[in-house]
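# Coordinate inspection notes
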Amino acid sequence: MFRIMGPDEAINLINDGDVICLNSFVGIENPVELHEALYHRYKATGSPKHLTIVSSAGFGVWDENRNAESYIRDGAVDKLICGHFGAMLSTKKLVLEDRFEAYNLPLGCISHAIRAQAGGLPGALSKVGLDIFVDPSLDGPGINNLSKDESLVKRVFVDGEEFLYYTLPKLNVALIKGTAADRKGNISFDDMYMSGDALSICQAVKANHGKVIVQVDRIVSTPARPRNTIIPGCLVDAIVMVEPEPRHAAYESLTGSFEIPYSQWQDWNEMLAERTYTKTAVNPAGDIIGRRAAKELRPDDIVNIGIGIPENVARYARESGMLDRITLTVESGGVGGFPASGTVFGAMIGAASMNDMANQFDLYDNGGLDICFMGALEVDRFGNVNSHRGPGAFSGIGGFANITAKTHTVVFCLTFNTKGLDVAENGDSVEIIKNGSIPKFVDKIDNISFSAKRAHVNGQRVLYITERCVFELSENGLRLTQVYDGVDVKKDILELLPFEVKVDGSIDVK
């Protein structure tokens with residue numbers, strides 16, 4: 001039977017060595033007050049310690065001194081299993097300093113492993129992750145020198161087919177953020193941007209005889225409508241009410257509490273952008289890439305658009321009228337609206353539906369997307385892509401591996417090089433004023449996020465769109481298929497590549 005209590009009392013339900021599962025998504029829907037109560041208890045008593053934290057989509061609030069950052073930094077956590085580290089500004093640095101064990105698994109595979117545990121199964125089978133970094137035949141999921149746990153991902157054969165088998169330690173504490181609790185303890189998510197893995201997490205924790213702690217904005221006397229209840233009260237141990245801070249009306253566009261027609265998406269997006277973007281910059285190269293990439297869209301496509309340069313695709317799809325003829329999706333569960341960005345990435349303006357995250361990844365893993373647009377840090381001669389780890393920096397794979405695993409057409413949007421790159425457009429012509437000092441096309445990459453070998457097996461069409469040219473994946477690696485007007489194919493492309501590429505006969509190599 002649930003009890004209503006304050007944050008400090010609720011956190012006393014957590015013991016040393018517990019495995020805590022979080023329902024946050026990158027920077028949104030974090031039960032901040034619960035995390036900070038945990039920090040205050042740990043700072044005062046040294047307990048709870050030796051914690052393991054599991055989060056499919058990551059957690060953080062883009063502030064290294066809030067949420068879980070402080071108690072992780074001070075040593076309460078021994079192990080972290082996470083899909084994405086982007087909003088965890090302090091933690092992602094500590095990972096590379098070998099401060100604790102840290103593992104990076106594809107977001108959707110963690111989500112499915114949580115759901116498997118909720119159903120009494122030890123793990124989840126998936127073809128996602130084969131031949132990329134998480135595959136134990138390559139590197140495995142460990143990020144740093146301390147991370148040697150080989151139980152999380154195994155390569156197995158079932159009926160003669162290869163799979164990866166993802167398992168998690170037994171979850172015994174759930175920290176969840178919801179909107180309201182009714183008098184029976186039922187938790188609704190009416191004002192939340194997503195429901196994520198909330199129900200599966202609670203089911204798994206209760207199956208393991210653990211504790212479910214839910215932070216809500218309000219407690220209501222009227223029972224929630226059955227279809228609006230995400231977590232039934234019988235699964236809840238502690239309810240903590242924390243009145244939310246006031247927020248601008250623009251944020252209400254992300255809750256689904258009122259209809260937002262297509263014609264208003266851009267207006268709401270602009271209002272949000274003023275308040276949520278972590279940084280903005282004029283990027284002519286990004287404009288060129290986005291405009292060219294948007295030409296790959298077809299009516300009725302089901303689409304996922306990544307963050308960064310790929311976001312330009314949506315803008316040019318809108319200008320061409322194509323945006324109203326496709327269905328956009330986002331990893332957190334949204335279908336049929338316009339994905340938000342910046343600090344509220346994972347939310348959606350005007351979504352038609354919001355699925356549980358595991359169901360969304362069922363769609364992605366089984367090839368339900370027609371096309372996706374993803375960023376890339378590096379591409380090698382074979383067409384492999386590194387998107388999750390750069391020199392001295394780490395963000396994590398997130399949903400990238402699931403999204404690109406079986407999507408029919410995969411479009412990588414990246415500049416040809418970076419750090420100092422300067423380009424300009426003159427009408428339909430592109431001028432390379434100055435090349436960047438860091439190449440993005442390299443002979444071999446060390447961290448594989450996308451496997452060209454696996455793409456061949458799956459029969460996927462793969463494009464690499466830059467600000468000066470387009471490559472396509474062929475049987476023997478990259479093939480140069482388009483060079484933009486104004487670009488010198490030898491000087492601006494071929495002579496800068498550390499490997500040879502096949503060039504389409506339609507391209508004039510002078």
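As shown above, the structure is provided for reference.
The rules behind these values
- Residues numbered from 1 in each chain as written.
- Predicted model: local features only at pLDDT ≥ 70, side-chain atom pairs only at ≥ 80, totals over all residues.
- Heavy atoms only, no water.
- Helix = DSSP H or I, 4+ residues; strand = E, 2+ residues; numbered from the N terminus.
- Buried < 20%, exposed > 50% of the residue type's maximum accessible area, 1.4 Å probe, protein only.
- Contact = heavy atoms within 4.5 Å.
- Polar contact = N/O pair within 3.5 Å; in protein donor to acceptor, adjacent residues only side chain to side chain.
- Pairing = 2+ DSSP bridges.
- Axes fitted to C-alpha atoms, helices over the stretch in contact; angles between N-to-C directions.
- Core = buried A, V, L, I, M, F, W, Y, C linked by side-chain atoms within 4.5 Å.
- Phe/Tyr/Trp six-rings, centres within 6.5 Å; stacked < 30°, edge-to-face > 60°.
- Lys NZ or Arg CZ within 6 Å of the ring centre and 35° of its normal.
- Salt bridge = Lys/Arg side-chain N within 4 Å of Asp/Glu carboxyl O.
- Patch = residues over 30% accessible without salt bridge, like charges linked within 9 Å, V, L, I, M, F, W, Y side chains within 5 Å.
- Areas by Shrake-Rupley, 256 points an atom, 1.4 Å probe, with all protein chains shown as cover.

### Here we look at the environment of S451
With respect to the helices and strands, S451 occurs in the loop between β32 (441-442) and α12 (452-458). A relative accessible area of 5% places S451 in the buried class. Beyond its immediate stretch of four places on either side in the chain, S451 contacts L130, D131, I132 and N384. A polar atom in the side chain of S451 sits 3.3 Å from the backbone nitrogen of K453.

### Re the sheet that holds strand β7 (residues 153-158)
Spatially, 3 strands are ordered β6-β8-β7 in an open sheet, and the strand pairing comes out antiparallel. The open sheet has two edge strands, β6 (123-126) and β7, and neither has a second partner. Each strand of the sheet is rotated relative to its neighbour by a mean of 35°, with strand direction disregarded. Of the strand pairs in this sheet, β6 and strand β8 (residues 161-167) are connected by 4 bridges, and their pairing is antiparallel. Its bridge partner being in β8, L125 is matched across the sheet by Y165.

### Regarding the environment of L146
Within the fold, L146 resides in the loop between β6 and β7. Among the residues examined, L146 registers a relative accessible area of 41% and is labelled partly exposed. Leave out the neighbours within four places in its chain, and L146 touches D98, R99, F100, E101 and Y103.

### Topic: the nonpolar core
Burial of nonpolar side chains together is a common tendency in soluble globular proteins. I231, F373, F412, Y464 and F471 are the most contacted members of the largest nonpolar core, which has 130 residues in total. Counting 35 residues, the second largest nonpolar core, distinct from the first, contains I20, L38, I72 and C82.

### Overview of unusual backbone geometry
For the bond running from S47 to P48, omega is 0°, close enough to zero to count as cis. Within the fold, P48 resides in the loop between α2 (32-45) and β3 (51-57). For D131, which is not glycine, the phi torsion reads 70° and is therefore positive. With respect to the helices, strands and loops of the structure, D131 is situated in the loop between β6 and β7. For D159, which is not a glycine, the phi torsion comes out positive at approximately 50°. Structurally, the position occupied by D159 is in the loop between β7 and β8. Judged by relative accessible area, which is 79%, D159 ranks as exposed.

### A closer look at the packing of aromatic side chains
Here a ring pair, both rings aromatic, is described through the centre-centre distance and the interplanar angle of the planes. Under the defined criterion, the tally for this structure stands at 11 aromatic pairs. With centroids separated by 5.3 Å and ring planes inclined at 65°, the aromatic side chains of F85 and F394 adopt a geometry described as edge-to-face. Here the residue F85 occupies a position in the loop between β4 (77-82) and α4 (91-95), and F394 occupies one in strand β26 (residues 393-394), the gap between them amounting to 309 residues. The two residues F85 and F394 agree in class, both being buried. Chaining the aromatic ring pairs together yields one cluster made of F400, F412, F450 and Y464. Lying across the ring of F163, K127 places its NZ or CZ 4.4 Å from the centre.

### Examining the pattern of salt bridges
Pairing between side chains of opposite charge can happen when their charged atoms approach one another. A full pass over the atoms with the stated rule returns 27 salt bridges. We note a salt bridge from K49 to D16, for which the minimum N-O separation is 3.0 Å. Of the two residues, K49 is situated in the loop between α2 and β3 and D16 in the loop between α1 (7-11) and β2 (19-25); the sequence distance between them amounts to 33 residues. Between E162 and R155 there is a salt bridge, with the nearest N and O atoms lying 3.0 Å from each other. A residue is classified by how much of its surface remains accessible, and E162, at 25% relative accessible area, is partly exposed.

### Some details on a nonpolar patch on the surface
On the surface, I4, I219 and M241 cluster together into a nonpolar patch covering about 260 Å² of accessible area. Topologically, M241 is positioned in strand β15 (residues 238-241). With a relative accessible area of 42%, M241 lands in the partly exposed category.

### Section: the sheet that holds strand β24 (residues 385-386)
If you walk across this open sheet you meet the 3 strands as β24-β23-β32, and the pairing is mixed. The strands lining the two open edges of the sheet, one partner per strand, are β24 and β32. Direction of pairing for strand β23 (residues 378-380) relative to β32: parallel, over a ladder of 2 bridges. Along β32, the bridge assignment pairs D380 with V442.

### As for the pairing of strand β35 (residues 477-483)
As judged from the 6 bridges shared by strand β34 (residues 469-474) and β35, these two strands associate in the antiparallel manner. Counted as the bridge partner of V470 is Q482 from β35. Remark: 2 residues form the turn of the hairpin made by β34 and β35, two consecutive strands paired antiparallel.

### A word on the side chain of D217
Relative to the elements of secondary structure, D217 occurs in the loop between β12 (211-216) and β13 (218-219). One polar contact links D217 to K177, side chain to side chain, over a distance of 2.7 Å.

### Considering the environment of L323
Its place among the elements puts L323 in the loop between α9 (311-320) and β17 (327-329). The spacing of L323 and Y39 is 284 residues in sequence and 45 Å in space, taken between C-alpha atoms. Sequence-distant contacts of L323, that is, excluding residues within four places in its chain, are made with Y262, W265, A314, A317, R318, L328 and F338.

### Describing the side chain of K79
Within the element layout of this structure, K79 appears in strand β4. A polar atom in the side chain of K79 sits 2.9 Å from the side chain of D149.

Geometric values such as these leave the question of function open.
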